Number of protein chains: 4
Amino acid sequence: MQLGMIGLGRMGANMARRLTRGDHQCVVYDLHPDAVKAAVHPGAVGASSLQDLVSQLKAPRVLWLMLPAAVVDENLALLVPLLEAGDIVIDGGNSYYHDDIRRGAELKAKQIHYVDVGTSGGVAGFDRGYCLMIGGETETVQHLAPIFKTLAPGADAATPTSGRNKSGSSAEQGYLHCGPQGAGHFVKMVHNGIEYGIMGAYAEGLNILRHANVGKQKSVADAETTPLRHPEHYQYDLDLPEITELWRRGSVIGSWLLDLTAGALLKDPTLENYAGHVSDSGEGRWTINAAVDEAVPVPILSAALFSRFSSRGEDEFSNKVLSAMRQGFGGHVEKPAKPD
Amino acid sequence: MQLGMIGLGRMGANMARRLTRGDHQCVVYDLHPDAVKAAVHPGAVGASSLQDLVSQLKAPRVLWLMLPAAVVDENLALLVPLLEAGDIVIDGGNSYYHDDIRRGAELKAKQIHYVDVGTSGGVAGFDRGYCLMIGGETETVQHLAPIFKTLAPGADAATPTSGRNKSGSSAEQGYLHCGPQGAGHFVKMVHNGIEYGIMGAYAEGLNILRHANVGKQKSVADAETTPLRHPEHYQYDLDLPEITELWRRGSVIGSWLLDLTAGALLKDPTLENYAGHVSDSGEGRWTINAAVDEAVPVPILSAALFSRFSSRGEDEFSNKVLSAMRQGFGGHVEKPAKPD
Amino acid sequence: MQLGMIGLGRMGANMARRLTRGDHQCVVYDLHPDAVKAAVHPGAVGASSLQDLVSQLKAPRVLWLMLPAAVVDENLALLVPLLEAGDIVIDGGNSYYHDDIRRGAELKAKQIHYVDVGTSGGVAGFDRGYCLMIGGETETVQHLAPIFKTLAPGADAATPTSGRNKSGSSAEQGYLHCGPQGAGHFVKMVHNGIEYGIMGAYAEGLNILRHANVGKQKSVADAETTPLRHPEHYQYDLDLPEITELWRRGSVIGSWLLDLTAGALLKDPTLENYAGHVSDSGEGRWTINAAVDEAVPVPILSAALFSRFSSRGEDEFSNKVLSAMRQGFGGHVEKPAKPD
Amino acid sequence: MQLGMIGLGRMGANMARRLTRGDHQCVVYDLHPDAVKAAVHPGAVGASSLQDLVSQLKAPRVLWLMLPAAVVDENLALLVPLLEAGDIVIDGGNSYYHDDIRRGAELKAKQIHYVDVGTSGGVAGFDRGYCLMIGGETETVQHLAPIFKTLAPGADAATPTSGRNKSGSSAEQGYLHCGPQGAGHFVKMVHNGIEYGIMGAYAEGLNILRHANVGKQKSVADAETTPLRHPEHYQYDLDLPEITELWRRGSVIGSWLLDLTAGALLKDPTLENYAGHVSDSGEGRWTINAAVDEAVPVPILSAALFSRFSSRGEDEFSNKVLSAMRQGFGGHVEKPAKPD
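Bear in mind the structure is a predicted one, so any value in this text is a computation, not a measurement.

Side note on the overall build of chain A
Phase 1: Assigned secondary structure in chain A consists of 14 helices and 8 strands.
Phase 2: Oriented by its inertia axes, the alpha-carbon framework of chain A measures out at about 75 × 45 × 45 Å.
Phase 3: Expressed as a percentage of the 340 residues in chain A, the buried residues total 64%.
Phase 4: Long-range contacts, defined here as pairs at least 24 residues apart, represent 64% of the contacts in chain A between residues at least 6 apart.
Phase 5: The averaged location of the 39 negative side-chain charges in chain A is 3 Å from the averaged location of its 30 positive side-chain charges.

A few points about the pattern of salt bridges
Phase 1: Enumeration over the complete set of coordinates arrives at 80 salt bridges over all chains.
Phase 2: One salt-bridge network, held together by shared partners, links A:Asp73, A:Asp91, A:Asp99, A:Asp100, A:Arg102, A:Arg103, A:Glu106 and B:Arg229.

What about the packing of helix 13 (residues 299-311) of chain A against helix 13 (residues 299-311) of chain D?
Phase 1: At a closest axis distance of 9 Å, the pairing of helix 13 of chain A and helix 13 of chain D adopts a crossing angle of 170°. As judged from the angle between their axes, helix 13 of chain A and helix 13 of chain D are roughly antiparallel. Facing A:Pro299, A:Ile300, A:Ala303, A:Ala304 and A:Ser307 of helix 13 of chain A, the residues of helix 13 of chain D in contact are D:Pro299, D:Ile300, D:Ala303, D:Ala304 and D:Ser307.
Phase 2: Tallied by class, residues from the contact of helix 13 of chain A with helix 13 of chain D come to 8 nonpolar, 2 polar and no charged.

Looking at the packing of aromatic side chains
Phase 1: Taken as a whole and judged by the stated rule, the model has 40 aromatic pairs over all chains.
Phase 2: Taking 6.4 Å as the distance between ring centres and 70° as the angle between the ring planes, the aromatic pair formed by B:Tyr234 and C:Tyr97 counts as edge-to-face. Linking B:Tyr234 in the loop between helix 9 (183-210) and helix 10 (240-247) with C:Tyr97 in helix 5 (residues 97-108), this pair reaches from one chain into another. Assigned by exposure class, B:Tyr234 and C:Tyr97 land together as buried.
Phase 3: Judged by centre distance (6.1 Å) and plane angle (35°), the rings of D:Phe148 and D:Tyr175 are tilted.

What about the relation of the copies chain D and chain B?
Phase 1: You can overlay chain D on chain B at an RMSD of 0.1 Å; the transform is a turn of 180° with a shift of 0.0 Å along its axis. Each copy turns onto its partner about a two-fold axis. When each C-alpha of chain D is compared by its distance to the rotation axis, D:Asn289 comes out closest, at 3.1 Å.
Phase 2: Both copies share a contact surface, since 100% of the interface residues of chain D are interface residues in chain B too.

Some details on the pairing of strand 4 (residues 62-65) of chain B
Residues and elements named next belong to chain B.
Phase 1: Across the two faces of strand 4 the burial is the same, with Val-62 and Trp-64 and Leu-63 and Leu-65 all buried.
Phase 2: Two elements, strand 1 (residues 2-6) and strand 4, share 3 bridges in a ladder whose sense is parallel. Along strand 4, the bridge assignment pairs Met-5 with Trp-64.
Phase 3: Inspection of the sheet shows strand 4 paired to strand 5 (residues 88-91) by 4 bridges, in the parallel sense. Bridged to Trp-64 within strand 5 is Ile-90.
Phase 4: For the crossover from strand 4 across helix 4 (residues 72-79) to strand 5, the handedness is right-handed.

Observations concerning the interface of chain D and chain B
Phase 1: Taken together, the contact pairs 21 residues of chain D with 21 residues of chain B.
Phase 2: For the chain D and chain B pair, buried surface summed over both sides reaches about 1600 Å², with 71% attributable to carbon and sulfur atoms.
Phase 3: Looking only at chain D, the three residues that lose the most surface to chain B are D:Val292, D:Pro297 and D:Phe306, adding up to 37% of its buried area.
Phase 4: For the pair chain D and chain B, the number of links is 0 salt bridges.
Phase 5: Our count for the chain D to chain B interface comes out at 2 residue pairs in polar contact (both at pLDDT 80 or more).
Phase 6: Within the residue set of the side of chain D that touches chain B, elements represented by two or more residues are helix 12 (283-294) and helix 13 of chain D.
Phase 7: Among the residues forming the side of chain D that touches chain B, the class breakdown is 13 nonpolar, 3 polar and 5 charged.

Focus: helix 12 (residues 283-294) of chain A
Phase 1: For helix 12 of chain A, built from 12 residues, the straight-helix expectation of 16 Å at 1.5 Å per residue is met to within 8% by its first-to-last C-alpha distance of 16 Å.
Phase 2: Extensive coverage of helix 12 of chain A is indicated by the burial of 11 of its 12 residues.
Phase 3: The complete set of buried residues in helix 12 of chain A reads A:Glu283, A:Gly284, A:Arg285, A:Trp286, A:Thr287, A:Ile288, A:Asn289, A:Ala290, A:Ala291, A:Val292 and A:Glu294.
Phase 4: Elements that come into contact with the buried residues of helix 12 of chain A comprise helix 9 (183-210) and helix 13 of chain A, helix 12 (283-294) and helix 13 (299-311) of chain C together with helix 9 (183-210) of chain D.
Phase 5: Where helix 12 of chain A ends, the next residue or the one after it, A:Ala295, has phi of about 65°, a positive value.

Comments concerning the domain arrangement of chain A
All names here are of chain A.
Phase 1: Per the domain assignment, the segments making up chain A are domain 1 (2-156 + 171-179) and domain 2 (188-217 + 231-330).
Phase 2: The C-alpha-based centres of domain 1 and domain 2 are spaced at 33 Å.
Phase 3: Counting each side, the surface lost to burial between domain 1 and domain 2 is near 840 Å², with a carbon and sulfur contribution of 64%.
Phase 4: Across the contact surface, domain 1 and domain 2 share 0 salt bridges.
Phase 5: Where domain 1 packs against domain 2, one counts 3 residue pairs in polar contact (both at pLDDT 80 or more).
Phase 6: Here the side of domain 1 that touches domain 2 gets 3 residues from one element, more than from any other, and that element is strand 6 (residues 113-120).
Phase 7: A breakdown of the residues in the side of domain 1 that touches domain 2 according to their chemical character gives 4 nonpolar, 6 polar and 1 charged.

Things to note about the environment of C:Phe148
Phase 1: Among the secondary structure elements, C:Phe148 is positioned in helix 8 (residues 145-151).
Phase 2: Since its relative accessible area comes to 0%, C:Phe148 is described here as buried.

Examining the sheet that holds strand 5 (residues 88-91) of chain C
All names here are of chain C.
Phase 1: Spatially, the 8 strands line up as an open sheet ordered 3-2-1-4-5-6-7-8, and their pairing is mixed. Edge strands, defined here as strands with exactly one partner in the open sheet, are strand 3 (44-46) and strand 8 (175-179). Across the sheet, the mean angle separating the axes of adjacent strands is 25° when strand polarity is ignored.
Phase 2: Together, strand 1 (2-6), strand 2 (25-29), strand 3, strand 4 (62-65) and strand 6 (113-120) form the strand contacts of helix 1 (residues 12-21), whose direction differs from that of strand 1 by roughly 170°.
Phase 3: Taken strand by strand, helix 9 (residues 183-210) contacts strand 5, strand 6, strand 7 (131-135) and strand 8, and its axis lies near 20° from that of strand 6.

Observations regarding the interface of chain D and chain A
Phase 1: At the junction of the two partners, chain D supplies 94 residues and chain A supplies 94 residues.
Phase 2: Summed over the shared surface of chain D and chain A, the result is 4 salt bridges.
Phase 3: We note a salt bridge from D:Arg164 to A:Glu245, for which the minimum N-O separation is 3.2 Å.
Phase 4: At the junction of chain D and chain A, the tally comes to 40 residue pairs in polar contact (both at pLDDT 80 or more).
Phase 5: In terms of residue count, helix 9 of chain D provides more of the side of chain D that touches chain A than any other element does, 18 residues in total.
Phase 6: Residue classes in the side of chain D that touches chain A are distributed as 52 nonpolar, 29 polar and 13 charged.

What about the sheet that holds strand 8 (residues 175-179) of chain B?
Strands belonging to one sheet form pairs held by backbone hydrogen bonds; the direction of such a pair is parallel or antiparallel.
All names here are of chain B.
Phase 1: Read from one edge to the other, the open sheet built from 8 strands follows the order 3-2-1-4-5-6-7-8, with strand pairing classed as mixed. The open sheet terminates on both sides in strands that have one partner only, identified here as strand 3 (44-46) and strand 8. Strand-to-strand twist in this sheet, taken as the mean axis angle between neighbours without regard to direction, amounts to 25°.
Phase 2: Sheet topology places strand 1 next to strand 2 (residues 25-29); 5 bridges connect them, and they run parallel. When the sheet's bridge partners are listed, Ile-6 is paired in strand 2 with Tyr-29.
Phase 3: The sheet contacts of helix 1 (residues 12-21) involve strand 1, strand 2, strand 3, strand 4 and strand 6 (113-120), and relative to strand 1 the element is tilted by about 170°.
Phase 4: This element, helix 9, spans strand 5, strand 6, strand 7 (131-135) and strand 8 of the sheet and lies at about 20° to strand 6.

Some points on the side chain of B:Ser318
Phase 1: By the element assignment, B:Ser318 lies in helix 14 (residues 316-330).
Phase 2: When sequence neighbours within four positions are dropped, the list of residues in contact with B:Ser318 reads A:Ala203, A:Glu204 and A:Asn207.

What about the relation of the copies chain D and chain A?
Phase 1: You can overlay chain D on chain A at an RMSD of 0.1 Å; the transform is a turn of 180° with a shift of 0.0 Å along its axis.
Phase 2: A high fraction, 100%, of the interface residues of chain D reappear at the interface in chain A, so the copies pair face to face through one surface.

Considering unusual backbone geometry
Residue and element names in this part refer to chain A.
Phase 1: A cis amide bond links Ala-59 to the next residue, Pro-60, at an omega of -5°.
Phase 2: Topologically, Pro-60 is positioned in the loop between helix 3 (50-55) and strand 4 (62-65).
Phase 3: Phi is positive for Gln-111, close to 60°, though the residue is something other than glycine.

Quick notes on the rules
- Residues numbered from 1 in each chain as written.
- Chains lettered and ligands numbered in written order.
- Predicted model: local features only at pLDDT ≥ 70, side-chain atom pairs only at ≥ 80, totals over all residues.
- Heavy atoms only, no water.
- Helix = DSSP H or I, 4+ residues; strand = E, 2+ residues; numbered from the N terminus.
- Buried < 20%, exposed > 50% of the residue type's maximum accessible area, 1.4 Å probe, protein only.
- Contact = heavy atoms within 4.5 Å.
- Lys, Arg positive; Asp, Glu negative; His and termini not counted.
- Charge placed at Lys NZ, Arg CZ, Asp CG, Glu CD.
- Salt bridge = Lys/Arg side-chain N within 4 Å of Asp/Glu carboxyl O.
- Axes fitted to C-alpha atoms, helices over the stretch in contact; angles between N-to-C directions.
- Parallel < 35°, antiparallel > 145°, perpendicular 65-115°, else oblique.
- Nonpolar A, V, L, I, M, F, W, Y, C, P; charged D, E, K, R; others polar.
- Phe/Tyr/Trp six-rings, centres within 6.5 Å; stacked < 30°, edge-to-face > 60°.
- Least-squares fit on C-alpha atoms with pLDDT ≥ 70 in both.
- Pairing = 2+ DSSP bridges.
- Right-handed = clockwise from strand over helix to strand, strands pointing away.
- Buried area = accessible area lost by both parts, 1.4 Å probe.
- Polar contact = N/O pair within 3.5 Å; in protein donor to acceptor, adjacent residues only side chain to side chain.
- Expected span 1.5 Å × (residues − 1).
- Domains from an automatic or database assignment.

See below:
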């Protein structure tokens, strides 16, 4: 099929390449001409503007937006007037599903089809394939199946699940029509919420391992410091690169995230090149909002999000309030922070 | 009664004064002669050593230790050989109740009575009185009742609870024999665990109020930053000193901790004189341990403790792991921390 | 002043009574005629309909809505057409502040003034007074000061905060103009979020105390049960009614919520008349949403909310997933739940 | 090598089989003669008693205990007197590492070598191999390498980590000498703590997906129920078996635990055969204790543990306290729990 790709960042450029490798034709566009230039390759021609992009595509057109969620609406405002009835717009980025529901209705009034695709795979997706969570009208999604099939990792990317009878479920290929508009990004949102939780679980556990030698440190005895009662229990200098490599084989907690962690620790066992200011890019927050609306308890997923906020110093005023209270009732004076 | 006070820090010195005001006689001792000198007053004579202290007390002696938990055992090791059968040793500090159980058994072998008293009240206790949670043998605790009664705030410190029939319950005076040795510090431990949770609840809420104007800030649109969808909902510049003062009257969340917070914010609305490195002094940790042993879920109390750890930078390695993972799967590069 | 009260439930009826006691005139209305009948008293006349209510008030009218948040908009739809320019509508319930912002703009177009008042005090408010958090235009709020002053607890409801110079701050009376429309309910929302956290802190701590005797129970030794390593540390049968009464005097965690808890435990030490299905009425949820929008970490406040969800069984599917996983990797078969 | 296996439950029997498949000789023993009978196979002979077991092994003997943590000490008490200097005892179960430290010292006095092995792999370990985290003296661990190598999954169990130079690190085979006695179980403890967190992250996320259709339910409007503001956002009936299958390919959250979850949901999409009472078997608890001792914040790992406690009803009294408080200040009466 022919597809126009709008947005040639980390994700979009690689996806176009995976599509042409699968014998689809791409027209690629980005606000930055350099990005367009870099993305042109056999099977993928560049476009100098949205108009140019649209003019190079045969109707009914397929346009895939791979943009930061914050700029999708402004791009749609420019793009949609150039389209005609029957064209298909896919948002493959990390939009909030509320926006999908709204956009789907807006575009339907113009007989343009809107499809939302939650895309997981990251920078490794070109090789590993992209896991695609899709929301939209059934007919449109079916029409796009060749695209999805090429982008997806394929059945061989995982061992078969016992009991599955080769029913031809597209989930077994790595893409799935999850429901009406918004369903794709809803499922992707929760996927990322889970991702935050899993990442945080590894991070906290590794932090415990890293401090397993606290019993070797000299301790202080004053009213502001809790003494370690059993220093003899914390005498281990553990090798985190080896331990994470170990866990990759046979353990219950093996995962791709662990593979990445083992790789990062191998390069830099103390991770001293990172400051530890952890961004969050929307889905983690919206996951909490959805849980709150649904009355579903999510203590783990929320803890993961809030740890990221705290990593960026957003707990500062809260901590100052605690110190002020402690001085108020106990006369406690703050001690300097412990260096890591 | 006559009582020897060991440890003349923030708490011990004031307690001696409250006792003499109630017509008890004190002999006061501290490792630091200056502290002894400062604590001498009509009704309270100083001691130059533990020997001197013990020699000035009539048998059966009553000795009250008001020391950091970390140094109680070494002080007992010096003190106990100076005592004789029938003497009473009270640990009024913040000892772990496991130690009380052990010490109680050790001293019993020498026919010395051990009483643990969890003491709440802080630096305001001289005026407000001390809330006393007591563990030990019934007879010994009853013998000490005059002491406890003087230290406690008295019935007038709170409005009567509807339905109480003036039974003479000592809880209505502000002291209580909670159970055998260790029970006093067990109850005090949980008291402090609760205190951490309550303090954290106020602190988090005030942090939300303080940032109620985030919609006024210019926002960034990139893949690392979640845009604020509705800046118009966050346009409030709230006056925290006034709001905390307000809540002191008639609201459901009125409390002494709120009183102190209102006072602190009045003096310094941004609390800029605090760094926000919040100590924890043992009971909060032991509370979590007890909950884990009992299989009692304590998501709030544990969150309060872990926030204190994080306030001191103890989450640093964990955060670095997250940043390393994010770079691994998404090519994400850290952004600088947001200044408060 | 003259005021029309709409909604005569637990809160509205008592507030009308407190207003007439303060020499204001009330016209009271409720959908249920019985409620109107019960609320009529010297100074407060009844109305048989919204029309009747409006006709009995002199312009510029003051109408106070004390209704469940879910029905405010439908009531406003009926009420507003009956009003005229210059009238004032106060929403004293627990509306979401987003609605206040919208309503304020809608009513402004009709030259009707909208004021949002977060009201804390509960069923005890008639006696103790109501803590009022107010949002709206400055002039309108000032006009209503006599009403607020009467409803508020007054300065004597709390001890003076050291350092306050009797500036005539209304916060010292128990009411405060917090900011423009929505600010009142924003502050009340966070107030309730804090309330959830404080309540949960007490609840978790009391649960630990209640199980301080687990060491007396016979334990099981199988692969599905963690044995209690030190039963000797959990031999305390603690008296919760006495302990909560004790903490009311002199302790750091004294509060009105504790007073209520001591009263409830006095009546029923095991609380066996409660099922423990804990409702949440909106503000707790919105507090989390605000924190997420502001990027403020709230691990405690969110834990408190999620515990309420779980108390109503909303964690059921999540728990089933865990059991299914455990069976998958470890062959673990569920054990029956432990009876309390 | 020759090895005696004590404990032929889910794990021990399979491990013996994997060892004999690798040309080691086993003598197998269990308290239950039926278990011994079932475990005998070519290469593995049965023993009728500990004495019989020991007598069938050549010195220096290697004994592997695969028992519930709660019964290891009593088994050691029977076994050790039968051993002689130079023999090796391996605890491959889930012992607390504190016990390893103690036992290591006790057995060293008898010149018996003690090795602790944290073993992950579950019921699938016979096929997949076991991930082995080992603590003990270097010489002893090296002596046992052939055993560990056979039990471990081997290098092919995971893709190579980029940058590893085939150094012959045993971690790349799936076993690792982590440090002195206790280090194996320490690392396994944290491994399981992480496992709890990861499992909980999936479980919470799936619970959100399952309730994505709450907007289709009829809602109630009263003061005890928070209305869903946007039912149109929660109209999705999501197919969890398909979604979990989907995520197995190409997504960031792929893992073995996800594979198992997809399998369980395929068999039973509503998991109605599970009650959702989730056991915890020690390591999750000890992980929290270690974190508390080290002052490492673990909001996620602790939330995972506490959710398990709550799943078994251990939050009941806490919830009753909340309901009692709500009735106290607001006159709120409990509503019946929402059926799932």
